[in-house]
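Reading the structure
Okay, here's what each chain looks like letter by letter:
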Amino acid sequence: MERNVSPSPAKPLLRALSGEAVWPPPAWLMRQAGRYLPEYREVRAKAGDFITLCTTPALAAEVTLQPIRRYGMEGAILFSDILMVPWALGQPLRFAEGEGPLLEPLRDAEAIAALDPATLVARVAPILETVARVRESLATESPRTTLIGFAGGCFTVACYMLEGRGSKEFPAARGLAYADPALFGRLIRTLQDATVEYLVAQVEAGAEAVMLFDSWAGMLSPGQFRRWVIEPTASITRSLRRRCPGIPIIGFPRLAGPLLADYAARAGVDATAIDTGMDPRWAAQAVPSTMALQGNLDPLALVAGGAALEAETRSILAAMRGRPYIFNLGHGIVPQTPPEHVTALMRILRSA
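Read on for a plain summary of the structure. Only a predicted model underlies this, so the values are computations on that prediction, with no experimental measurement involved. The residue numbering used here restarts from 1 in each chain and proceeds along that chain's sequence as written. Side-chain atom pairs in this predicted model are given and counted only at pLDDT of 80 or more, local residue features only at pLDDT of at least 70, and totals for whole chains, interfaces and linings cover all residues. The side-chain numbers reported here are obtained from all heavy atoms of the structure, hydrogens and water having been left aside.

1. Concerning the overall build of the protein chain
Secondary structure elements are defined from DSSP: runs of H or I of at least 4 residues count as helices, runs of E of at least 2 residues count as strands, and each element is numbered from the N terminus. Within the protein chain one finds 17 helices and nine strands. As defined in this context, the radius of gyration uses C-alpha atoms, and a globule is described by 2.2 Å times the residue total to the power 0.38. Its C-alpha atoms give the protein chain a radius of gyration of 19 Å, near enough to 20 Å, the size a compact globule of 352 residues would have. In terms of its C-alpha atoms, the protein chain occupies a principal-axis envelope of roughly 55 × 45 × 40 Å. Exposure classes here rest on a 1.4 Å probe applied to the protein chains alone. A residue is buried below 20% of its type maximum, exposed above 50%, and partly exposed in between. Taking all 352 residues of the protein chain together, the buried fraction comes to 59%. Per element, the accessible surface of the protein chain, about 13700 Å² overall, is 51% carbon and sulfur. Only four residue types enter the tally: Lys and Arg on the positive side, Asp and Glu on the negative side; His and the chain ends are excluded. Taken as the charge centre is NZ of Lys, CZ of Arg, CG of Asp or CD of Glu, depending on the residue. For the protein chain, the distance from the average position of its 35 positive side-chain charges to the average position of its 34 negative side-chain charges is 4 Å. Throughout, the Shrake-Rupley method with a 1.4 Å probe supplies accessible areas, and for residues the shown protein chains are the sole cover considered.

2. Here we look at the packing of helix H2 (residues 38-47) against helix H4 (residues 57-71)
How two helices sit against one another is set out by the angle between their axes and by the gap between those axes. Here the axes come from fitting lines to C-alpha atoms, over the contacting stretch only for helices, and the angles between their N-to-C directions go from 0 to 180 degrees. Look at H2 against H4: their axes get within 10 Å of each other, and the N-to-C directions meet at 175°. As summarised for this structure, H2 and H4 are arranged roughly antiparallel, according to the angle between their axes. On the side of H2, the interface is formed by Pro38, Glu39, Tyr40, Val43, Lys46 and Ala47, while H4 contributes Leu59, Glu62, Val63, Gln66 and Arg70. The nonpolar class holds Ala, Val, Leu, Ile, Met, Phe, Trp, Tyr, Cys and Pro. Asp, Glu, Lys and Arg form the charged class, and all remaining residues, Gly among them, are polar. In terms of residue class, the contact of H2 with H4 is built from six nonpolar, one polar and four charged. Just so you know how the angles are binned, under 35 degrees is roughly parallel, over 145 roughly antiparallel, 65 to 115 roughly perpendicular, and the rest oblique. Any two residues having at least one pair of non-hydrogen atoms within 4.5 Å are treated as being in contact.

This is the structure in structure tokens:
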């Protein structure tokens, strides 16, 4: 599966990740391959269920490439899910219509000890094949587009593994982190090691940059945030830099608020993504000018379109001009987004 393909420094997104203030900025959108696109819905129906879609390389590669073909983004994000890591570790997972992901929740030390890192690389082999297929297709179809691999942040993935499903508060994970930090730490270390192996395999298959999505990081107190978000991320980035020298890493500590500055300083990432609630002007001051920022258009401004979309977009661009920056949303694109609004957004960005 190893490709040994070096990333091209001429690609706009890689230039931004290396610290260059590229303008107009490179752009991609979280969940850009998804239910708002009719061509995605056709492929999704063909797959039958979500895990089959993620683990069928021909289908997953197709949906990864769909928004690139339609809009020409500078970044293509691998189509997969952050919960493929616990699935690959042996935790039962399914996706129920209208409910989202459902896992068999981990409830004790025995269940955590039963997770099997030895199975990971073999189980994710179809996902790695998707990476290789997309990289090969981009070389001819969109050579300026960077292929981004990803994994979930350890805390966020642990939230789902312990709760067994999505939640507004994730009390099982947050409670265990306080009540039994040694056991919670054992799960986090298992996820650290698995995440490193998974991301290294993605890079070897052709990913040119990687991103860590810590979607629930902002639920933690400052001390817990530093312990369970910053420290595991820093451990992962150190390992990646040893094993994949030069690979750019984007971190997304969603809802971090003022802790974003601490994350940027200590997590070891090359770029920090910011969520919808973050003032981009504050972020531009709080994060070193040599570090790329990514974000943070409200997905509902994209739904609204028109004057609201243009005003919000131009306000973010004004805050970010003159520094390394990648345009994106502050959270994932929502299913009710009109595809023509994404076309309008790309037109605004390219005229910046």
